[in-house]
Amino acid sequence: MRDMPLTLTEKIIQAHLADGEMTPGQEIGIRVDQTLVHDATGQMATLQFEALGKARVSTKRSVIYADHNILQVTSHNADDHAFLRTAARKFGLYFSKVGNGICHQLNLERFSVPGDTLLGADSHTTTGGAVGELAIGAGGLDVAVAMGGAPFYFRMPQIKRILLTGSLPPWTAAKDAALEILRRLSVSGGRGYILEFQGPGVQELSVTQRATISNMSIETGAITSIFPSDERTREFFALQRREGDYRPLSADPDARYESTLEIDLSSLEPMVALPHSPDNARPVRAAQGVKVAQVAIGSCTNSSYQDLMTAARILKGRRVPPQISLIVAPGSRQVFLELADSGALADLIRAGARIMEVACGFCNGVGQAPHSGGVSLRTANRNFPGRSGTPSAALYLVSPETAAVSALKGELTDPREFGAPIVVRAPAAFQVDDSLFLAPAPPGEETEIIRGPSIAPLPRFAPLPEALAAPVTLVLGDNVTTDDILPAGAHILALRANIPAISRYIFSNVDPDYVERQKASAGGFVVAGANYGQGSSREHAALAPRYLGLSGVIAESFARIHQANLCNFGLLPLLFKNPADRAKIRAGSVLSVDDIRAKVASGKDFALHDESAGAEIAVRLDASPRQIRVLLAGGLLALASSAKDA
Ligand code: MIC
Ligand code: SF4
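Residues numbered from 1 in each chain as written. Chains lettered and ligands numbered in written order. Predicted model: local features only at pLDDT ≥ 70, side-chain atom pairs only at ≥ 80, totals over all residues. Heavy atoms only, no water.

**Focus on the sheet that holds strand E4 (residues 61–65)**
Cut-off, in case you're wondering: Two strands make a pair as long as DSSP finds a minimum of two bridges between them. Starting at the N terminus, helices and strands are each numbered in turn, a helix being any DSSP run of H or I of at least four residues and a strand any DSSP run of E of at least two. Pairs of residues are marked as contacts when any of their non-hydrogen atoms sit within 4.5 Å. Here an angle of 0 to 180 degrees is reported between the N-to-C directions of two axes, which are lines fitted to C-alpha atoms, with helices fitted over the stretch in contact.
What the six strands build is an open sheet, ordered E7-E6-E3-E4-E5-E20; its pairing is mixed. Across the chains shown, the open sheet's two edge strands, defined by having one partner strand only, are strand E7 (134–137) and strand E20 (437–438). Judged from the three bridges that link them, strand E3 (residues 34–38) and strand E6 (residues 117–120) form a sheet pairing that is parallel. From the neighbouring strand, Gln34 faces E6, where its bridge partner is Leu118. Packing against the sheet, helix H5 (residues 140–147) makes contact with E3, E4 and E6, and its axis sits at approximately 140° to E3.

Below is the structure:
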């Protein structure tokens, strides 16, 4: 491999390889330079890190961000923040206070490093690919393990080249390119790949624009995406006054890619993703005129200086019609300060915008739930059902340009109608104030962790039993999201540190009786189609079903992060060997298998006996040899503690 020309992805993986070989499909372990978690995933990750018995993190930098759980309508979130702040101090992590901004925007601005590896307990960690960082999302337990210095394991991907040519026409934004990629690849077309951007179109995009595209690459199911680190990257680091962190990086000229998708940026036009999937994308002009109740500009996809200044310039001197609720949530305090000092904030306020806290906010239903059945235009990355906190709402994903122009008109509008294009130039350098990043304690300092009533102990799980006989407790279709498994929204999100409490909401938007049925059954299986568990990294979507007694999921395929989370909590990820078997299985059927430990240990295919259908259902365990050891032990924490006791 050493003398072969390498892709940028391969170069970074090779430089961090700790285990395995770079053969696509085989599990590899890589060293992790940096980690991030936040106040929806960090509670579990921190408790798990503590349970692993490590005194301090061993990464170059690890950060906990307070950005998701920011409403304080009960004491839960403030309790969680006190826990995370003090635990960060004790365990050697930085803590980003509420008010500082969204983890991905901040990480990009202040900590991203070309050529580094970043593992984040959030699916949109992929944003870091904008500066040539190998930035991957994972479940909290995988991040906790990496914080302790152990490698991160995943299957060596295939590398798909996204060849960019041309340049974006006026009024067409990076978001439109991201939506076009989704239109072409769908929410599962990136599975098993890392998307590597190349071609003359790359230099036409600023790091901020690249970040919008790398942010949404996770929506294709890809592991992550990566841009070269070039002159535009150097400009970004100069703006952030971090020139020292810049280094140029690119693929070898004759590097080989498994496949290429070519996108001519010049041919693009303003796009919209219609409800209820980000790949339901088409030109805005094809859906023009949809009446809108709410327009929300922000989220880690589109809350940069460039995004919000563009929206402010469009809105300047104008006013949104009375029926429109316009929401603006800046991505970071730096962006907020620039808006304030430039006068753009006043323009937004005068236009009728509601200025929200610098945080995720509306993006996953933490405030600003639209009215029942309402149409919300959003610059966010996901429009899954229920994502806004209003199950009957219809979410449309658009660029800031389309959002602002549509807000003025009160209906979905192609922004090209607005007139002369708006060109926003960055200031000579951004204001840098890192004072809301709290530094860790110096080694040796005594720090007491504040543990409020919101923090429940971690549940412990038994090893895989010798035999299983359990009913099918739920039958679902394709592309089940983690928002379907565990909905977004402020009241559920506030319970992220308490598995017994949050488990009451599992599948609550899909089948309100599921929880009671699962609790009353001895074990259980969920049966589903392709791409089960797409979307977020939330490990609660595996951990809480396991707590309720689920034994495993049988599906046609799994989304990568969710498959890893299932294994980490001892839930069997089983694939139908014969997809036609899926139709045979009915809700309530009892599936049984003897000697399951031996069967799982062998890694070979086996069959489940469906008593009601009188059929044998052939399945393949979707797990690596390492994950098989985890499954036998009843989960990764159980395996780690048995190793400690041995
Ligand atoms: C999301 O955008 O869905 C979230 C909320 O940021 C999640 C994290 C979580 O649910 O804990 C993600 O993307 O991983
Ligand atoms: Fe936050 Fe939304 Fe980004 Fe998730 S997608 S990190 S909820 S802004």
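Now that the structure has been shown, the text picks up again.
**Describing the pattern of salt bridges**
Note the following rule: Definition used for salt bridges: Asp or Glu carboxyl oxygen within 4 Å of a side-chain nitrogen of Lys or Arg.
This structure, assessed with the given rule, holds 30 salt bridges. Between Arg582 and Glu556 there is a salt bridge, and its shortest N-O distance comes to 2.9 Å. Of this pair, Arg582 sits in the loop between strand E24 (572–576) and strand E25 (590–593) while Glu556 sits in the loop between strand E23 (552–555) and helix H18 (560–568); the two residues are 26 residues apart in sequence, bridging distant segments of the chain. Here the salt bridges share partners, and the residues they tie into one network are Glu269, Arg285, Asp414 and Arg416.

**Observations concerning the site of ligand 2**
This is how the line gets drawn: When at least one non-hydrogen atom of a residue lies within 4 Å of a molecule or strand, that residue is treated as near it. Method remark: on a 1 Å grid restricted to protein atoms, a set of points is classed as a cavity if a 1.4 Å probe fits but cannot get out and as a pocket if it is open with protein on both sides within 12 Å along at least five of seven lines; lining residues have an atom within 4 Å of a point. Any molecule with more than half of its atoms within 2 Å of a cavity's or pocket's grid points is counted as sitting in it.
Within the structure, ligand 2 sits among His68, His104, Asp122, His124, Ser299, Cys300, Cys360, Cys363, Asn364, Asn381 and Arg387. The cavity where ligand 2 resides is the largest cavity.

**Brief notes about the packing of helix H9 (residues 305–315) against helix H10 (residues 333–342)**
The following threshold applies: Helix crossings are classified by the rotation of the near helix relative to the far one: an anticlockwise turn of less than a right angle makes the crossing left-handed, while a clockwise turn makes it right-handed. Only Asp, Glu, Lys and Arg are considered charged in this grouping, and only Ala, Val, Leu, Ile, Met, Phe, Trp, Tyr, Cys and Pro are considered nonpolar; every other residue, Gly among them, is considered polar.
One way to put it is that H9 packs onto H10 with a least axis distance of 9 Å and a crossing angle of 35°. Crossing of H9 against H10: the hand is right-handed. On H10, the residues touching Tyr305, Leu308 and Met309 of H9 are Val335, Glu338, Leu339 and Ser342. In terms of residue class, the contact of H9 with H10 is made up of five nonpolar, one polar and one charged.

**Description of the site of ligand 1**
Operational definition: Polar contact is defined as a pair of N or O atoms within 3.5 Å, subject to the rule that within protein one atom must be able to donate a hydrogen and the other to accept it, and that residues adjacent in sequence are counted only when both atoms are side-chain atoms. Note on areas: Shrake-Rupley with a 1.4 Å probe; residue coverage comes only from the protein chains shown.
Near ligand 1 lie 14 residues; those nearest to it are Asp122, Ser123, Arg387, Arg496 and Arg538. A distance of 2.6 Å separates an oxygen atom of ligand 1 from a polar side-chain atom of Ser123. Burial of ligand 1 by the protein amounts to 97% of the accessible area it has alone, namely 340 Å². Under a 2 Å grid-point criterion requiring more than half of the atoms, the pocket assigned to ligand 1 is the largest cavity.

**As for the sheet that holds strand E27 (residues 615–621)**
Where strands meet in a sheet, backbone hydrogen bonds hold them as pairs that are either parallel or antiparallel. Taking strand neighbours around the barrel as the criterion, the seven strands line up as E21-E22-E23-E24-E27-E26-E25 in a closed arrangement whose pairing is mixed. Geometrically, the sheet is characterised by an average inter-axis angle of 35° between neighbouring strands, direction not taken into account.

**Topic: the layout of surface pockets**
The line we're drawing: Grid points are joined across faces, edges and corners, and a volume is the space filled by probe spheres set on the points.
If you add up the space inside the largest pocket, you get close to 880 Å³. Lining the largest pocket are 33 residues, and of these Ser206, Gln209, Arg232, Gln306 and Val424 lie nearest its centre. Looking at the lining of the largest pocket, the elements with two or more residues in it are helix H6 (174–185), helix H7 (207–217), helix H8 (231–239), H9 and helix H12 (400–409). Residue composition of the lining of the largest pocket, by class: 17 nonpolar, nine polar and seven charged. Lining the second largest pocket we find 38 residues, and of these Arg155, Gly192, Arg560, Gln563 and Asp622 sit closest to its centre. Mapped onto the lining of the second largest pocket, the elements with two or more residues apiece are strand E8 (152–155), H18, E27 and helix H20 (625–633).

**Side note on the nonpolar core**
Worth spelling out the cut-off: Here, the term nonpolar core denotes a set of buried Ala, Val, Leu, Ile, Met, Phe, Trp, Tyr and Cys residues that are joined through side-chain atoms within 4.5 Å. Here's how the labels work: a residue is buried when its accessible area is under 20% of the maximum for its type, exposed when over 50%, partly exposed in between, all with a 1.4 Å probe on protein chains only.
Judged by nonpolar contacts, the single largest core of 83 residues is most densely connected at Ile506, Phe507, Tyr514, Val526 and Tyr532. Among the elements that make up this core, the one with the highest residue count is H5 (six residues). Once residues lying within four places of it in the same chain are set aside, the contact partners of Phe507 are Leu474, Leu476, Asp484, Ile485, Pro512, Tyr514, Val526 and Tyr532. Core analysis: the next-biggest nonpolar cluster, separate from the first, contains 40 residues, Met309, Val375, Ala394 and Val398 among them.

**Regarding empty space enclosed by the protein**
With the rule as written, the count across this model stands at seven cavities of 30 Å³ or more. In this structure, the largest cavity is lined by 21 residues; those nearest its centre are His38, His68, Asp122, Asn364 and Arg387. The residue makeup of the lining of the largest cavity, split by class, is six nonpolar, 10 polar and five charged.

**Focus: the packing of aromatic side chains**
Just so we agree on the cut-off: Working definition: a ring pair exists when centres of Phe, Tyr or Trp rings (six-membered ring for Trp) sit within 6.5 Å. Plane angles under 30 degrees give stacked, over 60 give edge-to-face, the rest tilted. Geometrically, a lysine NZ or arginine CZ counts as sitting over a ring once it is within 6 Å of the ring centre and also within 35 degrees of the ring normal.
Under the defined criterion, the tally for this structure stands at 12 aromatic pairs. Arranged with centres 6.3 Å apart and planes meeting at 80°, the rings of Tyr65 and Phe437 form a pair that is edge-to-face. Here Tyr65, found in strand E4, pairs with Phe437, found in strand E20; they are 372 residues apart in sequence, far enough to count as distant. Owing to a relative accessible area of 10%, Phe437 belongs among the buried residues under this scheme. Ring pairing ties together the aromatic residues Tyr65, Tyr94, Phe111 and Phe437, which thus form one cluster. Note that Arg61 overlies the ring of Tyr94, its terminal NZ or CZ placed 4.9 Å from the centroid. One residue, Lys160, lies across the ring of Tyr193, its end atom 4.4 Å from the ring centre.

**Digging into the pairing of E6**
Burial along E6 is two-sided: the residues Thr117 and Leu119 and Leu118 and Gly120 are all buried. In this sheet, E7 lies alongside E6 in parallel orientation, the contact comprising four bridges. When the bridges of E7 are listed, Thr117 appears paired with Leu134.

**Observations regarding unusual backbone geometry**
Cis peptide bonds are those with omega within 30 degrees of zero, and the linkage from Pro275 to His276 qualifies with 0°. Within the secondary structure, His276 sits in the loop between strand E13 (271–273) and strand E14 (281–283). The phi torsion at Trp171 lies on the positive side, around 70°, for a residue other than glycine. Here Trp171 shows up in the loop between strand E9 (158–165) and H6. Take Trp171: its relative accessible area is 7%, and that puts it in the buried class.

**Section: the pairing of strand E16 (residues 325–328)**
Each regular strand carries side chains that alternate between the two faces of the sheet. Where strand E15 (residues 294–297) meets E16, four bridges bridge the pair, whose relative direction is parallel. Residue Ile297 lies in a different strand from E16, and its bridge partner there is Val328. One ladder, built from two bridges, connects E16 with strand E17 (residues 354–355); its direction is parallel. Bridged to Ile327 within E17 is Arg354.

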